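Observations on chain architecture
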Amino acid sequence: MADLTTNLAPLTLKNPIMPASGTFGYGDDLPDFVDISEFGGMVTKSLTGTPREGNAPPRIVETSSGMLNSIGLANIGVEKFIEEKLPVVRNKGTILIVNIAGSKMSEYCRVMELLEAESGVDGYEINVSCPNVKEGGMEFGVSEKHMKMLIRELRDITDKPIITKLSPNVTSIQAMAEAAVEAGTDILSLINTLVGARIDIEKQRPVLSTIFGGLSGPAIKPVAVAQVFKVYEAVDVPIIGIGGIANAGDVLEYLMAGASAVEIGTMNYRDPGLGPKLLPEIASWLDEQGFESISEIIGIAHE
Amino acid sequence: MADLTTNLAPLTLKNPIMPASGTFGYGDDLPDFVDISEFGGMVTKSLTGTPREGNAPPRIVETSSGMLNSIGLANIGVEKFIEEKLPVVRNKGTILIVNIAGSKMSEYCRVMELLEAESGVDGYEINVSCPNVKEGGMEFGVSEKHMKMLIRELRDITDKPIITKLSPNVTSIQAMAEAAVEAGTDILSLINTLVGARIDIEKQRPVLSTIFGGLSGPAIKPVAVAQVFKVYEAVDVPIIGIGGIANAGDVLEYLMAGASAVEIGTMNYRDPGLGPKLLPEIASWLDEQGFESISEIIGIAHE
Amino acid sequence: MSKIFLTDAPVVSNEEVANRIYRLKLRAPEFASENRPGQFINILTNPDGAPLWRRPFSIARISIDIIEIIYKAIGIGTNQMAGLQSGDAANIIGPLGNSFTVDIGERTPLLIGGGLGFAPLVVLRDYFVSRTKRPVLFIGALNADEHYYTDDPDADLNLSTDDGSLGFHGLVTEQLEQYLDEQEAGTEFMAYSCGPEPMMKAIAHICRDREIPLELSIEREMACGIGLCQGCSIEQHLPQKKFALVCKDGPIFNAMHLTFTD
Amino acid sequence: MSKIFLTDAPVVSNEEVANRIYRLKLRAPEFASENRPGQFINILTNPDGAPLWRRPFSIARISIDIIEIIYKAIGIGTNQMAGLQSGDAANIIGPLGNSFTVDIGERTPLLIGGGLGFAPLVVLRDYFVSRTKRPVLFIGALNADEHYYTDDPDADLNLSTDDGSLGFHGLVTEQLEQYLDEQEAGTEFMAYSCGPEPMMKAIAHICRDREIPLELSIEREMACGIGLCQGCSIEQHLPQKKFALVCKDGPIFNAMHLTFTD
Ligand SMILES: Cc1cc2nc3c(=O)[nH]c(=O)nc-3n(C[C@H](O)[C@H](O)[C@H](O)COP(=O)(O)OP(=O)(O)OC[C@H]3O[C@@H](n4cnc5c(N)ncnc54)[C@H](O)[C@@H]3O)c2cc1C
Ligand SMILES: Cc1cc2nc3c(=O)[nH]c(=O)nc-3n(C[C@H](O)[C@H](O)[C@H](O)COP(=O)(O)OP(=O)(O)OC[C@H]3O[C@@H](n4cnc5c(N)ncnc54)[C@H](O)[C@@H]3O)c2cc1C
Ligand SMILES: Cc1cc2nc3c(=O)[nH]c(=O)nc-3n(C[C@H](O)[C@H](O)[C@H](O)COP(=O)(O)O)c2cc1C
Ligand SMILES: Cc1cc2nc3c(=O)[nH]c(=O)nc-3n(C[C@H](O)[C@H](O)[C@H](O)COP(=O)(O)O)c2cc1C
Ligand code: FES
Ligand code: FES
C-alpha cells in the first residue's frame, strides 16, 4: 500500500491530514468517536496571552457552501492551556502544533516563550491573518513589513518549526509568502478565511455582531487551491493546504497543486471524524495510479 | 406599490436589476423567453479594440456553489459591435451600458472613442479587473496608480457616466474605490471574479487551460457583500453590487449593504429570465415592510 | 458526561402530527443508557450537499432503542427531513448538551411550552410521570392546527391558543399567571420552559416575581453542536464567563443566568 | 433559428432501460414544431441547489407533444434525474443548438453510436425511416448490459460489444470497417456519429479515407447552453474563427472542421 507519510521538513507526519485551527479545540475534548491519534497532526485553536471571551453573538452564519465566523479568538489563554490541556494533548500519539495569535507582537512572543518552556509542542502555526480581532491581528497578515518583523521576533525565540498561516485577503499572496520565508518561516499554511459579510434582511442589519467575518468551507476551495499553486512556484518551503476540504479528491487536488499536507476545517463540523476516513481512499487511489508515496504527487500539476 | 426606480446618478434606472457583463452577450441574441426591456439596464460583454477569440478550452468548470471561467475576453471587437449590435440593442427599451476592456490603456481609449461617436450608449463600465488576460488587463485593477491613470484618460474622453468595476483581489478595496473616484469615476460596480483554480485529479493538471480563472456564483456572495459594505462607507458615489445573486433576498441584501443597483451574472445561466422575475417579490417585500421606494433601504444596514 | 455517538440511525417512522409538524422516530439503541432529559441530537439532513451544517433537535422521547423528535418543516433542512421514510437512515450525532435538573424534591414540575417548544419538555414529562410525579403542563400555540399534544391522563394539561380555537383563549403566559394566582400559598414549583424568546422572557419574569426556579431550553444556530466552533454563544451574567456555549454549557440554562431574560 | 422555450415539462415516464441508463419522457408540446434532429435540451436537475449548471441532453425522440431523452446516471445531476417520477416536472430549456444535415439525396445514412452516444442518433433514424430511407446503424458498447437499442425492423442494425456478450465481438469501428469493405464500389454514404472522442476520431479517419462525409455530435461541459457564457468552446480549423461554441455553433459539427479528429 502506498506510503502516506509526508515530509513537512523539519516535521514528518504519518499522514497528510490535520484538523484546522479553531475547528478541533485543543484536541482534548472531542467526541468519543474521534481518535485524534489517527490524524497526521493536531493543530490547536489560536492561543493568546490572556484568555479571551471572543466577540458578541451572533458569531456564525451559514452561506452557500460555506459559513462566516467572527469567533474573535475565543480561547482559554496560553497559561491555562499549559496547565490543563498540554499535559493531555502532548500524549495523543500525533504531532502537536500550537497555533498562536495576538493583538500585539509582544503578545505573540509571550505566548511562544511560555510554550518554549514546556515539552510536547512539535511546532507553532502563527495566525497572522485572523480578520476578527479589532486591535490589529490583521495587520501582520496583510503587510509584508509587519509580518516580517513578527516572524523575525518569533524566529529568535524558538528553534522549533514555525508555520506561518497566510491570509488570502491580499493582492499578492506570493509577496506575503516570500516575506514570511525571508523572515525565517519553515513551513507555510494557507489559507485562512476570506473576509465576508451577510445582511439579515429581516433585521436590516449585518448578521454578525462584528459586521465582517471569515468565510470558510467548500465555497472558498478554488481560491485556496489557486493560492497554494502560486505559492508553490514562489517559495521553496513545504506548504499546508487549507480551505473547503470535504473529500479525498479535495485532498489530492491540494497535494497536486503543491501542498505537502492539508488541514480540514469547516467540514469537521459535519463530521469531526472526517479526516482519517479519507485516508484509505487516498491510499487506494495512489495504488491504482501506481504511485508509491504521497510525495510523488506533491506539486505534480505543475509539471 | 413601492417604487422600484433607482438613482444611479447621473443615471436613473427603472429597476435595480441588470445582467452582469459577460453573461448576457450584447443583449441582442437572447432566447425568446427573455425580454431585455424588463431589466433596469443592459451591460454588454467586455469589448476590446480588436476581436478576441478568447483562451483555449477548457475555460469553464463548476465548483461548490460557483464556477470558474477563463473565457479571456472573447468578443467581437468594438467595430463589429458598433456595426452589427449597437443598432439593435440601443432600441431595446432599457439603459445600455457598454463594458470596456483592453490590455493597454490605449486600447481602452480607442474603444471608448469609437463608441463616443455613436448614439445610444448610456454609460460605460470599465473592466479593470479581468484576471484572464495575459498582457496586463489585471494590473489596472490591483494598482491604485495604474487605475487612476486609466480612469483619468477615459474621463477626458467622455462626459457620459463612467462605472469602474472593481476587482476583489486586493488588500484594500476601499483604497481602490477611493482611487477610482478621485480619478473621476461616477459609479462603482463590484465585484468582478475572485482568482481561483481547480486541479483535475484524473489528468493531474489544472482544469483550465490558463490554470487560473475567475470564481463567481453564490459561493462569493459574502465576499462581495462585505466589499460593497466597505466601499459604501469609503466613498460617496453610487454602487452597483455584483456577486452570486440568486434570489430577491440577495438583491435586498446588496441594497441594504449600500448598493443602489445590482448585476446578476452566473445565475443567469440557470435562467436568463431570472432578473425580472425577482422584481415583484422585491416590490411586495417593500410594501409589506412599509417602504415606498428602493431608495429607502439603500445602505440601511449601516444605520 | 454522557458518551457521544455518530451513527446512521434507521428511520422507524416520520409522521405529520399537525400542520407541517412531524414526529420522527429513529432506532438508536446506543442512546438508551446515555440520554438525559433536555439533550439533543444533530442531524445531517443532506449527506451530499446543502445545508452545510447539521440541524439540532431536542430529544422529545426515548424508549428502549427508539428516540423521537418533533420538528416543524420551516426551511431547507427540515423540509429535507420531512421526506424521510421508514427504510431510510438519518446520520445523527448525540446525545448532546447538558440536561434539566430533575432532582426537585417535593416541588411540583411546571412544564411550559410555546409552539414547537414543547418538544424537549415531553421527555421531562415522561421522566416525572414514570417517577409518579404529576406534572402541570402549559402548551400555547397560534391555533388548534399547531397543537400536537392534546391529551395526557397522567398530567394536568393546560392548552391555550392565540385565536381561541382550542383551550384557553390567550397567551400561555396569561394562563400560567391565572393558574399560579389560584394556587395555595406555600405550594412549591419548579418550572421548565421552551419556546420563542419573548415568551421565555415573560415566563422568567413571572417566575422571578414568585421565586419559582426556572430552567430554559435555548436554541441557537449551531455549526458543530459539540463545542468545537464556539459559534453558538449566548450572553450570561457570570462575570468570569461572559458567553456560554448553547451546545455544550446548554441547551438548558437557569433563567437567572442569562441576560436576555432581564 | 428555432424558437427556444423555458418550461416546466411534466414527466410522462422515467424508465431504467439498461444498467443505470434511463429513458425520460417529457410532455413539451411547444417543441413539436421546432425541434430538428441533433438538438438538445438543458435540464435544471435541482431547482433548489447543486449542481449550479443545467445538464444538457440530446433529444433522442420526439412525437407530437412528447420528447424523449436517454441518459446514463453517472454523477450528481443525472442521479437526481433518475429520481424523477411521473407527476413531477422537469425545468428545461430547448430545443438548443444546430442540427444534423438531413438532405442527403441518394446517400445511405450510416449512424454510428458508442455507448450512450446513440441517443442523438435515434431521432435521426426516425427522420430517415419516416422518409422511407433505411438507415444502417452501428451501436457499440462495453457489454450486453449497456445496450438499450437492440431491435429495429426498419433499419440495418449492427450491434457490437467489447466483451462479445452481444453481437459482434470487438470495437464498433472494426465492425464498421468490415461493413464498408464489403460494400460495392460506388455506394454513397453519409455518416453520423456520437460517442467517446477517441471513437469519433477513429471513425473520422475511417470516413476520411473513404471520402464519406461525417457529422459528429459533440459534448462539452456547458454553463448556459445558449451561447451566453462562451464557455463550451472547441477548437476548429477555420482560420478566421479558431473556437466554435458547442452549444450554439454545434453540437453537430462536420468532422473535418474540428482539430481533435486530426
Ligand atoms: C438545541 C436545539 C434544539 C432544537 N429542538 C428543536 C425541536 O425539537 N423541534 C424543532 O422543530 N426545532 C428545534 N430546534 C430548531 C431547529 O434546529 C431549526 O428549526 C432547524 O435548524 C431549522 O433548519 P432549516 O434548515 O429547516 O431552516 P433554515 O432554512 O436554515 O432556516 C429557516 C429559519 O429558521 C432559523 N433557524 C435556522 N437554524 C436554526 C437553529 N439551529 N435554531 C433556531 N433557528 C434556526 C433561521 O434563522 C431561519 O429564520 C432546535 C434548535 C436547537 C439549537
Ligand atoms: C449537447 C450534449 C448532449 C448530451 N446528450 C447526452 C445524452 O443524450 N445522454 C447522456 O447520458 N448524456 C448526454 N450528455 C452528457 C451529459 O450532459 C452528462 O452526462 C451530464 O451533464 C453529467 O451530469 P452529472 O451531474 O450527472 O455528472 P457530474 O457529476 O457533473 O460529472 C460526472 C462526470 O461526467 C463529466 N461531465 C459532466 N458534465 C458533462 C457534460 N456536459 N458533457 C460531458 N461530460 C460531462 C464530468 O467531467 C465527470 O467526469 C450530453 C452532453 C452534451 C453537451
Ligand atoms: C469557526 C472557525 C474558527 C476558526 N478559528 C481559527 C483560529 O482560531 N485560528 C486560525 O488560525 N484559524 C481559524 N479558523 C480558520 C481555519 O483554521 C481555516 O483556515 C479556514 O476555516 C479555512 O478552512 P476550511 O474551509 O476547511 O474551514 C477558524 C475557522 C472557523 C470556521
Ligand atoms: C463566464 C463569465 C464571463 C464573464 N465575462 C466578463 C466580462 O467580459 N467582463 C466583465 O467585466 N465581467 C465578466 N464576468 C464577471 C461578471 O460580470 C461578474 O462580475 C461576476 O461573475 C460576479 O457575479 P456573479 O457571481 O453573479 O456571476 C464574467 C463572468 C462569467 C461567469
Ligand atoms: S455549535 Fe459549535 S460550539 Fe456550539
Ligand atoms: S455553454 Fe455557454 S456558450 Fe455554450
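Residues numbered from 1 in each chain as written. Chains lettered and ligands numbered in written order. Predicted model: local features only at pLDDT ≥ 70, side-chain atom pairs only at ≥ 80, totals over all residues. Heavy atoms only, no water.

**Remarks on the domain arrangement of chain C**
All names here are of chain C.
- We note that the domain assignment places domain 1 (5-96) and domain 2 (108-261) within chain C.
- Opposite the 22 residues of domain 1 that make contact, domain 2 presents 24 residues.
- Together, the buried faces of domain 1 and domain 2 total about 1900 Å²; carbon and sulfur atoms form 65% of this surface.
- Area buried by domain 1 at its contact with domain 2 is led by Pro37, Trp53 and Arg61, which between them contribute 25% of it.
- In this assembly, domain 1 and domain 2 are joined by 2 salt bridges.
- Across the salt bridge formed by Arg61 and Asp126, the nearest N and O atoms sit 2.7 Å from each other.
- Counting the contacts that link domain 1 with domain 2 gives 6 residue pairs in polar contact (both at pLDDT 80 or more).
- Elements with a contribution of two residues or more to the side of domain 1 that touches domain 2: β1 (5-18), β3 (40-44), β4 (55-58), β5 (61-63), β6 (66-72) and β7 (89-96).
- The greatest single-element share of the side of domain 1 that touches domain 2, amounting to 3 residues, is contributed by β6. (Domains from an automatic or database assignment. Contact = heavy atoms within 4.5 Å. Buried area = accessible area lost by both parts, 1.4 Å probe. Salt bridge = Lys/Arg side-chain N within 4 Å of Asp/Glu carboxyl O. Polar contact = N/O pair within 3.5 Å; in protein donor to acceptor, adjacent residues only side chain to side chain. Helix = DSSP H or I, 4+ residues; strand = E, 2+ residues; numbered from the N terminus.)

**As for the packing of helix α6 (residues 221-234) of chain B against helix α7 (residues 248-257) of chain B**
All names here are of chain B.
- Running from N to C, α6 and α7 cross one another at 25°; their axes reach a closest spacing of 8 Å. Comparing the axis directions of α6 and α7 gives the class roughly parallel. On α7, the residues that touch Lys221, Ala224, Val225, Val228, Phe229 and Tyr232 of α6 are Asp250, Glu253, Tyr254 and Ala257.
- By residue class, the composition of the contact of α6 with α7 is 7 nonpolar, no polar and 3 charged. (Axes fitted to C-alpha atoms, helices over the stretch in contact; angles between N-to-C directions. Parallel < 35°, antiparallel > 145°, perpendicular 65-115°, else oblique. Nonpolar A, V, L, I, M, F, W, Y, C, P; charged D, E, K, R; others polar.)

**A closer look at the site of ligand 3**
- Looking at ligand 3, there are 23 residues lining it, with Ser21(A), Ser46(A), Lys165(A), Gly244(A) and Thr266(A) nearest.
- One chain alone does not account for the residues near ligand 3; they come from chains A and C.
- Take Ser21(A): an N or O atom from its main chain is 2.7 Å from an oxygen atom of ligand 3.
- One nitrogen or oxygen atom from the side chain of Lys45(A) is found 3.0 Å from an oxygen atom belonging to ligand 3.
- Its free accessible area being 600 Å², ligand 3 has 98% of it covered by the protein chains. (Near = heavy atom within 4 Å. Areas by Shrake-Rupley, 256 points an atom, 1.4 Å probe, with all protein chains shown as cover.)

**Concerning the interface of chain A and chain C**
- If you look at the interface, chain A gives 32 residues, while chain C gives 34 residues.
- There are 2 salt bridges connecting chain A and chain C.
- Put simply, chain A and chain C have 15 residue pairs in polar contact (both at pLDDT 80 or more) between them.
- Those elements that place two or more of their residues in the side of chain A that touches chain C are β5 (60-63) and β6 (66-69) of chain A.
- In terms of residue count, the dominant contributor to the side of chain A that touches chain C is β5(A) (3 residues).
- Here the residues of the side of chain A that touches chain C are counted per class, giving 15 nonpolar, 8 polar and 9 charged.

**Re helix α4 (residues 197-209) of chain D**
Residues and elements named next belong to chain D.
- In this model, α4 (13 residues) spans 18 Å end to end at C-alpha, consistent with the 18 Å of a helix rising 1.5 Å per residue.
- Buried within α4 we find Met199, Met200, Ile203, Ala204, Ile206 and Cys207. When α4 is viewed along its axis, its buried side chains cluster within an angular range of 165° and face the same direction. Of the exposed residues in α4, those oriented more than 90 degrees away from the buried face are Pro198 and Asp209.
- The inward-facing, buried residues of α4 abut β8 (108-114), α3 (172-182), β12 (189-194) and β13 (214-217). (Expected span 1.5 Å × (residues − 1). Buried < 20%, exposed > 50% of the residue type's maximum accessible area, 1.4 Å probe, protein only. Arc of directions from axis to C-beta.)

**Section: the arrangement of the chains**
- For this structure, the chain pair with the highest number of contacts among 3 pairs of chains in contact is chains A and B.
- The closest approach of any C-alpha atom in chain A to one in chain D is 9 Å; the two make no contact.
- One finds no contact between chain C and chain D; the C-alpha atoms of the two approach each other to within 7 Å at their closest.

**A word on the packing of aromatic side chains**
Residue and element names in this part refer to chain C.
- A full pass over the atoms with the stated rule returns 28 aromatic pairs over all chains.
- Ring geometry for Phe118 against Tyr149: centres 5.0 Å apart, planes inclined by 50°, an arrangement best described as tilted. Residue Phe118 is found in the loop between β8 (108-114) and α2 (119-130), and its partner Tyr149 is found in the loop between β9 (136-141) and β10 (156-161); the two are separated by 31 residues along the sequence.
- Relative accessible area serves as the criterion here: at 10%, Tyr149 is assigned to the buried category.
- An aromatic cluster is present here, built from Phe100, Tyr127, Phe128 and Tyr192 joined pairwise through their rings.
- Seen from the ring of Tyr127, Arg131 lies directly overhead, with NZ or CZ sitting 3.6 Å from the centre. (Phe/Tyr/Trp six-rings, centres within 6.5 Å; stacked < 30°, edge-to-face > 60°. Lys NZ or Arg CZ within 6 Å of the ring centre and 35° of its normal.)

**Structural notes on the site of ligand 1**
Residues and elements named next belong to chain C.
- Looking at ligand 1, there are 21 residues lining it, with Arg55, Pro56, Ile70, Gly77 and Thr78 nearest.
- One of the side-chain N or O atoms of Thr78 is found 2.4 Å from an oxygen atom in ligand 1.
- Contact with the protein chains hides 77% of the accessible area of ligand 1, taken as 850 Å² for the molecule alone.
- Of all elements in the fold, only β4, β6 and α1 (76-82) reach the threshold of two or more residues within the shell around ligand 1.
- Examining the composition of the shell around ligand 1, we find that 4 residues originate from one element, β4, more than from any other.
- Tallied by class, residues from the shell around ligand 1 come to 12 nonpolar, 4 polar and 5 charged.
- Taken together, domain 1 (5-96) and domain 2 (108-261) each give at least three residues to the shell around ligand 1, which thus spans both.

**Observations concerning helix α2 (residues 119-130) of chain D**
- Under the 1.5 Å per step criterion, the end-to-end length of α2(D) is 18 Å for 12 residues, consistent within 8% with the ideal 16 Å.
- Directly beyond the C-terminal end of α2(D), a positive phi value near 55° is found at Thr132(D).

**Structural notes on the pairing of strand β10 (residues 156-161) of chain D**
All names here are of chain D.
- Across 6 bridges, strand β9 (residues 136-141) lies against β10 in parallel orientation. Following the sheet pairing, Ala141 is matched in β10 by Thr161.
- Judged from the 2 bridges that link them, β10 and strand β11 (residues 168-169) form a sheet pairing that is parallel. Bridge pairing in β11 links Ser160 to Phe168. (Pairing = 2+ DSSP bridges.)

**Regarding the interface of chain B and chain A**
- Taken together, the contacts link 40 residues of chain B with 40 residues of chain A.
- At the boundary of chain B with chain A, total buried surface from both sides reaches about 3400 Å², with 65% on carbon and sulfur atoms.
- At the junction of chain B with chain A, the criterion picks out 0 salt bridges.
- For the pair chain B and chain A, the interface holds 8 residue pairs in polar contact (both at pLDDT 80 or more).
- Those elements that provide at least two residues to the side of chain B that touches chain A are β11 (194-197), β13 (205-206), β14 (212-216), α6, α7 and α9 (279-289) of chain B.
- The leading source of residues in the side of chain B that touches chain A is α6(B), at 6 residues.
- Of the residues belonging to the side of chain B that touches chain A, the class tally is 26 nonpolar, 9 polar and 5 charged.

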